[in-house]
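Examination of the molecular architecture
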Amino acid sequence: MTTLKTNRLYQGDCIDILNGMPAESVDMIFADPPYNLQLGGDLLRPNNTRVDGVDDAWDRFDGFADYDTFTRAWLGACHRVLKDSGTLWVIGTYHNIFRVGTALQDLGFWVLNDVVWCKTNPMPNFRGTRFTNAHETLVWCSKGAEARYTFNYEAMKALNEGLQMRSDWTLPLCTGPERLKDDQGRKMHPTQKPESLLYRIILASSDPGDVVLDPFLGSGTSAAVAKKLGRRWIGIERDARYLVAARERIAAVEPVADVTLLRTPRKRTEPRVPFGVVVERGLLPPGSMLSDASGRWSARVRADGTIISAEHRGSIHQVGAAVQGAPACNGWTFWHMRADTGSLVPIDLLRQRVRAELAPAATVLS
């Protein structure tokens, strides 16, 4: 294909289809490749019922060498279509993720994180011969060591109630109404991933309008979530049955009408608000008393947007650093004011109020 066509599903071998796509045209790739489970026969529960595991033909390979050849081929094709600023996510189990990791590094990808998806409801080890496999591993990579890539750090922190997002994610398996079933009530796909997992991945490493590609689409989770989050999507899948289910699932997604709600601006892109603007707007008038969260240090606001303590005068950052004897200080979070409730709250709340007022203007200009 000469031009990239998005919001489309392709049936066929992912390597062939990727090789026909324009180079450096995709912003993010999520890949859930065959695990090469090497099953040695049926797995039975204690009551002798058969476990509905992964025994499809697409997960069978003639040994490790065959799997490695396949892995390097599809990863190489992904490397070609990925933009220099793009990232790739691969998920796997202990059966394959270490071999995939070697191939990633050999092909020039740069590992940013390995993320452990801890399952709250894993399948037990019915034979009682090993620990229960309660997690899968995701490897997140940029295209190279010096590549600039998208990471919506603030969005992840907000999603985690103001705490920095860690690399261990506790999320349940796909169950209930979210699990797609066939006409006989059986699982449509044995390894359908939960939407919550893809929501976090796509929100973290792409922006609205970006192109998200999945070379092993399966039941369509990545494309459905990408559509919900205002991203463009491309799905590749060999199995026609999975594609039918994925197409119906994606078509049922209603896009968010107000696309501004999908944007997660990074702090460096937000309007700069000097402390003096807060003062001149009357949100914190001259003479207002500030203190740190413990009440140990205090300062008063001056009319020109500087503050003065017992021994220091200057910006909120300079005085905050000086009273602590520190080399630097973020005055917005260090200094607090007395709220109407009587509690101390950071003055950064006032900056956010000003930014919220500026947001409509910024949206029009963009």
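Residues numbered from 1 in each chain as written. Predicted model: local features only at pLDDT ≥ 70, side-chain atom pairs only at ≥ 80, totals over all residues. Heavy atoms only, no water.

1. Remarks on helix 3 (residues 97–106)
Basically, it comes down to this: Only protein chains enter the area calculation, which uses a 1.4 Å probe; residues under 20% of their type maximum are buried, those over 50% are exposed, and those in between are partly exposed. Strands here mean DSSP runs of E at least two residues long; helices mean DSSP runs of H or I at least four residues long; both are numbered from the N terminus. Each direction from the helix axis to a C-beta atom contributes to the arc, which is the arc of those directions. Any two residues having at least one pair of non-hydrogen atoms within 4.5 Å are treated as being in contact.
Taken as a whole, helix 3 has its buried residues at Ile 97, Val 100, Gly 101, Ala 103 and Leu 104. The buried residues of helix 3 occupy one face: seen down the axis, they fall within an arc of 165°. Those residues of helix 3 that are exposed and angled more than 90 degrees off the buried face are Phe 98, Gln 105 and Asp 106. Buried positions along helix 3 lie against helix 2 (64–81), strand 3 (82–92) and strand 5 (135–142). Gly 108 sits one or two positions beyond helix 3 and adopts a positive phi of about 100°.

2. What about the domain arrangement of the protein chain?
Quick note on the threshold: For every domain, the bounds stem from an assignment made automatically or drawn from a database.
Here the protein chain is partitioned into domain 1 (8–262) and domain 2 (275–358). Between domain 1 and domain 2, the C-alpha centre-to-centre distance is 46 Å.

3. Description of the nonpolar core
Nonpolar side chains in soluble globular proteins tend to end up buried together. For the record, the criterion: Residues belong to one nonpolar core when they are buried, are Ala, Val, Leu, Ile, Met, Phe, Trp, Tyr or Cys, and are joined through side-chain atoms within 4.5 Å.
Counting 33 residues, the largest nonpolar core has Phe 30, Trp 89, Leu 138, Leu 197, Ile 201 and Ile 202 as the members making the most contacts within it. Those residues in contact with Leu 197 that sit more than four places away from it in its chain are Ile 91, Trp 117, Leu 138, Trp 169 and Leu 171.

4. Focus on the packing of aromatic side chains
Using the following cut-off: Geometry of aromatic contacts follows a simple scheme: Phe, Tyr and Trp rings, the Trp one being its six-membered ring, pair when their centres are within 6.5 Å, and the pair is stacked under 30 degrees between planes, edge-to-face over 60, tilted otherwise.
Applying the stated criterion across every chain yields a total of 11 aromatic pairs. For the pair Trp 74 and Phe 216, a centre-to-centre distance of 5.1 Å together with 85° between the ring planes defines the contact as edge-to-face. Here Trp 74 is found in helix 2, whereas its partner Phe 216 is found in the loop between strand 7 (211–214) and helix 6 (221–228), with 142 residues between them in sequence. This pair shows no difference in class: Trp 74 is buried, exactly as Phe 216 is.

5. A few points about the pairing of strand 6 (residues 168–171)
Cut-off, in case you're wondering: Paired strands, as defined in this entry, are two strands with at least two bridges between them according to DSSP.
Only one face of strand 6 is buried: it carries Trp 169 and Leu 171, and the other face, with Asp 168 and Thr 170, is open. Bridge count between strand 4 (residues 110–119) and strand 6: four bridges; the pairing is parallel. Paired with Val 116 across the bridge in strand 6 is Asp 168.

6. With respect to the packing of helix 5 (residues 195–205) against helix 6
Keep this limit in mind: Lines fitted to C-alpha atoms define the axes here, with helix axes fitted over just the stretch in contact, and angles between the N-to-C directions of these axes take values from 0 to 180 degrees. The scheme is simple: roughly parallel for angles under 35 degrees, roughly antiparallel for over 145, roughly perpendicular for 65 to 115, oblique for anything else. Each crossing gets its hand from how the near helix is turned against the far one by less than a right angle, where anticlockwise is left-handed and clockwise is right-handed.
Close contact between helix 5 and helix 6 brings their axes to 9 Å; oriented N to C, the two are set at 55°. As summarised for this structure, helix 5 and helix 6 are arranged oblique, according to the angle between their axes. Between helix 5 and helix 6 lies a crossing of right-handed hand. Across the interface between the two elements, Glu 195, Leu 198, Tyr 199 and Ile 202 from helix 5 touch Thr 221, Ser 222, Ala 224, Val 225, Ala 226 and Lys 228 from helix 6.

7. Section: the sheet that holds strand 8 (residues 232–237)
Strand order across the open sheet formed by eight strands is 1-8-7-2-3-5-4-6, with mixed pairing between neighbours. Two strands in the sheet have a free side with no partner beyond their single neighbour: strand 1 (8–11) and strand 6. In this sheet, neighbouring strand axes are inclined to one another by 20° on average, regardless of whether the strands run parallel or antiparallel. Sheet topology note: the strand 2 (residues 26–31)/strand 3 ladder contains five bridges and is parallel. By the bridge assignment for strand 3, Ala 31 is matched with Val 90. Across the sheet, helix 5 touches strand 2, strand 3, strand 4, strand 5, strand 6 and strand 7, and the angle it forms with strand 6 is around 140°. Sheet contacts for helix 7 (residues 240–251): strand 1 and strand 8; angle to strand 1, the most-contacted strand, approximately 175°.

8. Brief notes about the pattern of salt bridges
Our working rule: The salt bridge definition used is simple: a Lys or Arg side-chain nitrogen within 4 Å of an Asp or Glu carboxyl oxygen.
Counting across every chain of the model gives 14 salt bridges. Among the salt bridges present, the one from Asp 168 reaches Arg 166, with a minimum N-O distance of 2.6 Å. The exposure class assigned to Asp 168 is partly exposed, which follows from its relative accessible area of 33%. The partner of Arg 281 in a salt bridge is Glu 357, with the nearest N and O atoms 2.2 Å apart. With a gap of 76 residues between them, Arg 281 in the loop between helix 8 (275–280) and strand 9 (289–291) and Glu 357 in helix 11 (residues 348–365) connect regions that are remote in the sequence. Using a relative accessible area of 45% as the deciding quantity, one classes Glu 357 as partly exposed.

9. A closer look at the side chain of Arg 355
Secondary-structure assignment places Arg 355 in helix 11. Residue class for Arg 355 comes out buried when judged on its relative accessible area of 10%. With residues up to four places along the chain from it excluded, the contact list for Arg 355 reads Glu 270, Pro 271 and Val 273.

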